[in-house]
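# Residue-level structural notes
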Amino acid sequence: MPKKLSKYNQKRDFKKTSEPIGKSVKSKKKLHFCVQHHAARKDHYDLRLELNGVLISWAVPKGPSYNPKDKRLAVHVEDHPLSYRHFEGTIPKGEYGGGTVMLWDYGEWDPISKNPQISLKKGSLKFYLKGNRLRGAWTLIKYKENNWLLIKENDNITLYDDISYFNTSIKTGRTIEEIAHNFKAKKINEEIIIEGVKITNPNKVIFKNPKITKLDIVLYYQSIAPLMLPLIKNRLVSVIRAPSGVNGPKFFKKHLENTNSGLGKIKITNNKGNKEDYYYIKNIKGLISEVQMNSFEFHIWGSKVPNINKPDMLVFDLDPDKNLSLKKVREGVLDLKSILDELNLNSNLKTSGGKGYHIIVPIKNTSWSNFRTIAKNIAELMVTKWPQKYTSNMSKEKREGKIFIDWFRNTLGATSVAPYSLRLREKAPISMPISWDELNTIKPNEIRLTKKAKNKF
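Read on for a plain summary of the structure. Owing to the predicted nature of the structure, the values given are computational and were not obtained by experimental measurement.

The rules we used
Residue positions are given per chain, counted from 1 along the sequence in the order it is written. Selection of residues for local features in this predicted model requires a pLDDT of at least 70, selection of side-chain atom pairs for listing and counting requires 80 or more, and totals for whole chains, interfaces and linings are taken over all residues. Side-chain descriptors were evaluated using all non-hydrogen atoms of the structure, hydrogens and water having been removed beforehand. By convention a nonpolar core is built from buried Ala, Val, Leu, Ile, Met, Phe, Trp, Tyr and Cys residues, the set being connected through side-chain atoms within 4.5 Å. Accessible area is worked out with a 1.4 Å probe on protein chains only. A residue is then buried under 20% of its type maximum, exposed over 50%, and partly exposed in between. Strands here mean DSSP runs of E at least two residues long; helices mean DSSP runs of H or I at least four residues long; both are numbered from the N terminus. In what follows, residue pairs with any heavy atoms lying within 4.5 Å of each other are defined as contacts. Whenever two N or O atoms come within 3.5 Å, that pair is a polar contact, provided that in protein one can donate a hydrogen and the other can accept it, and provided that, for residues adjacent in sequence, both atoms are side-chain atoms. Any two strands between which DSSP finds at least two bridges are classified as paired.

## Points about the nonpolar core
- Phe207, Ile217, Tyr221 and Phe298 are the most contacted members of the largest nonpolar core, which has 43 residues in total.
- For this core, the elements supplying multiple residues, two or more each, are strand S12 (205-208), helix H4 (214-232), strand S14 (235-241), strand S17 (275-281), helix H5 (284-292), strand S18 (295-304) and strand S19 (313-320).
- Of all the elements, H4 adds the most residues to this core, at 11 residues.
- Apart from residues lying up to four places away in sequence, Phe207 is in contact with Ile212, Ile217, Val246, Leu422, Arg423, Leu424, Arg425 and Ala428.
- By size, the runner-up hydrophobic cluster in this structure holds 37 residues, among which are Trp104, Leu120, Phe127 and Ile163.

Structure follows, in structure tokens:
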């Protein structure tokens, strides 16, 4: 029996549990980690870091938190075999750890400490996670016996506020309840298949800093689909494809080239009188099939199928001159909101994933002509009220020292970046819905999903 895993093996009856038998192996250059949601007698999350051929493990009762102020208890438990990072299933009642185990996240990790073994013995380990739901720098600090604290470093990487956003397996897409009842798994692995869509070249590097692969992007869109799909479903889409990664050639696609059950199409007459096939996403299969075709950034129309000629979503993009401070941009957002409030128009907010913010205004029962007029009048009203601060003119020369209120995307055929879409820019930012009271705490290109804005759009 491997000495490192003797405690692990002694605690389990492998004739009864489907957990893997403990066998230590030699760690390779890349170190893996996983987080498992364990619905045992006491519900908790297990953090496991690969080191020296085993998984060093901690039970975290409340789970990890992206808030650097949260100091989450992490109880050091016995080492687990490296194969345990793939385990998902139900441990029989009465057995050690009896309950259902869901693979909540996995990926690679890098020690920030020069010698992680020594750091563990000293009781302070700093490390960098490259997962799908957990990313960035973290610290584990020992304070007595087996009790440690898991703390997020303040590195401006915050994907979401609450781990309860993600209640499905990163491996199979199932909930705890579905795993407990042994519902059929939607298998996701290195030869990845999601909802009938096979993903090729999963290890292709799309972003170099931080390193993000095609598989990482697939898993992101799979995880975010419950939030993203209700906002983009049945809206015509245009996508930006980057088959060679963010630093390679990119191209814009808006016409349907082939179809499957996850995509729909509609013929639209263009300005020249020619009919062209446009398309829209119907479900997660359609979303993932686009990612398989190297479509990583999604843009949507302001109207839905089948009511293409009835726009329902005004979008204003506040695009600042490069020399303007973030404070000025945030003032611009609030100035626009004040005008919308005066007009009794409800509005929502999201980050652009770039330099500014997007303000979204629901509008009903109007034509594209009226829609465009409404958008133009609001932008010009803002410029009239504060001419020294804003411009509605697209010319670069007119923008110097000002914020451009881009209202031009509110026309037939124009698009805006979709909520929760990845942006093909440095550091892979995401266009995220946020609440109005989060404006002063979340930057336009910050990677962060917040609970407050979850259901606001």
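## Considerations on the side chain of Glu297
- In this structure, Glu297 sits in strand S18.
- The buried category is assigned to Glu297, whose relative accessible area is 3%.
- From its side chain, Glu297 meets the backbone nitrogen of Leu424 in a polar contact 2.8 Å long.

## Concerning the environment of Asp79
- Here Asp79 shows up in strand S4 (residues 72-81).
- Each C-alpha atom, one on Asp79 and one on Asn9, is 10.0 Å from the other, the two residues being 70 residues apart in sequence.
- Leave out the neighbours within four places in its chain, and Asp79 touches Lys4, Leu5, Tyr8, Val54, Leu55 and Ile56.

## Considerations on the pairing of strand S9 (residues 147-152)
- Counting buried positions over the six residues of S9 gives six, a clear majority of the element.
- Of the two faces of S9, both are covered, the one formed by Asn147, Leu149 and Ile151 as well as the one formed by Trp148, Leu150 and Lys152.
- Across four bridges, the pairing between S4 and S9 is antiparallel. For Leu73, the partnering residue across the bridge sits in S9 and is Leu149.
- Following strand S8 (residues 135-144), the chain reverses through two residues before pairing antiparallel with S9; Glu145 in that reversal takes a positive phi of roughly 40°.

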